[in-house]
Amino acid sequence: ILARKNESDGINDHIFAKYVFPHQPDLGLRLFRHFHTLSHAKTKHLGVMAFRQQCERFMSVLDDQKIIEMHVRIFCNLNEENATKEGVKNLLKTSFNIAMAHYSGDATICPFINNTLDAVIATCFFQEPLSVGFISRWIEENCPRLVMPIHRYCIHLLTTSYRSIKMNTEDKSGNGLELATPVLEKGAPFDDSLPMLNLSMAWLLAGTLPPLYSLPQVVSPPKDDESKESSAATAALPSQTLLSKLVASVPSHWTLLYDTRQHGVGANRFLHHVLGYRGPSLVLLKARSIKDNVEKIFCVASPTEWKETSLYTGGEESCLVQLQPKFSVMEKGARILYLNTHIRGYPKGLRAAVDPRNPIIAVDEQFENVAVHSMAHTLINIEVWGCGDKSSRDVQLDIKKWQIKEAERQRTVKLSAADWIDHPDRYLLELSGRPQYN
């Protein structure tokens, strides 16, 4: 089909990008140049057989490390072993654009995307030059889920674009793509302040943290008579098509549980809004260094419910990430989270570290200051986002309603006549000169 569009026996880069990658032409051009380089073609176009062989070779790569290295090489110089900052930044920006093209939220452009990408590049390229293999291993260790959507997107278009080319239409459905970028809950209607967690940070965290925090929710349709009638008709369809018909993937929604600008500052305010949420959550800390006056943003990811205890808790999915001004996975693993505000004889505050004697992050008991590697910082803002499903938030709200009702019930105490005779309040009223009362 592409050869007929080109009116020749071959396929060039512009025809390939125009018809196969209409929404991402830059990605299409880079992928075709990758095919052209590997085929060692003498002409500017590729023959039908050579093009088909390169597509099959591209889709046959299954190892994650090889996939990441292949895409880093596609966006950097194909014939050189050293990676470039511009190439890696374009790679990450393409991944963000693909994620936003099928994002279910209102905003598709984040004004802070360059700041987020610059933070990743500043940490990745700590020196120059660096090889493509080193950059690929760094991406695999720190943010492995950022590059894989590009590969799935390319596979999706290479295997399904022939339908839209035949019918002269565009594929806008996005079927088969992973909806990994979470939808952020909007703030109050009259709140003009921007949340600390912007869309590009959410995309970066979704590609860095374990899938537990951004796992799409699988929604199955209700079983009724219509589904039974259609089961016979869909029995002859391929398994993948049948699965897409019966199961719908909904991106995860991150709910704002606590924000110091809305709910106040203090340990009691933090506990009131965070405790009782039975699901994974993210605690974002914005601090300013007292030494050099640099603002930093950290994220403490908890896979389970926060609880006050004198022990370090958290499962294998626990993680501590620095987002600004540089991106870094500071710590991850089990039993690195700590929260205590009442138990005497133990350190108070919120902490994250493997070594309890030397915590990486230590928030004081007033939630006003934080120490990062024992360096003093002023705590500017705290945000807590719930990453669980809707039922986790509903259970937390039900617990709060029950607590309010119990507090109201205990405010009024009914006393019998026998209890009132010896009650100290009766003695105080008589001392004040009121022997008669209601």
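Residues numbered from 1 in each chain as written. Predicted model: local features only at pLDDT ≥ 70, side-chain atom pairs only at ≥ 80, totals over all residues. Heavy atoms only, no water.

Engineer: Help me understand the pattern of salt bridges in this model?
Structural biologist: Side chains that carry opposite charge are capable of pairing whenever their charged atoms lie near each other. The full count for this structure, using the stated rule, is 12 salt bridges. Between aspartate 26 and arginine 30 there is a salt bridge, and its shortest N-O distance comes to 2.9 Å. Here aspartate 26 pairs with arginine 30, and both are found in helix H3 (residues 25-39), just 4 residues apart, close to one helical turn. On the basis of relative accessibility, which here comes to 39%, the residue aspartate 26 falls in the partly exposed class. A relative accessible area of 17% places arginine 30 in the buried class. Measuring nitrogen to oxygen at the nearest pair gives 3.7 Å for the salt bridge that ties glutamate 295 to lysine 286. Looking at lysine 286, the relative accessible area reads 26%, which means it is partly exposed. Overlapping salt bridges, with partners in common, bring together Glu69, Arg73 and Glu81 in one network. (Salt bridge = Lys/Arg side-chain N within 4 Å of Asp/Glu carboxyl O. Helix = DSSP H or I, 4+ residues; strand = E, 2+ residues; numbered from the N terminus. Buried < 20%, exposed > 50% of the residue type's maximum accessible area, 1.4 Å probe, protein only.)

Engineer: Please explain the side chain of aspartate 259 as it appears in this structure.
Structural biologist: With respect to the helices and strands, the residue aspartate 259 is situated in strand E8 (residues 253-259). Aspartate 259 gets classed as buried once you look at its relative accessible area, which sits at 2%. Not counting residues within four places of it along the chain, the set of residues in contact with aspartate 259 comprises Gly264, Asn381, Ile382 and Glu383. (Contact = heavy atoms within 4.5 Å.)

Shape descriptors only; they carry no functional weight alone.
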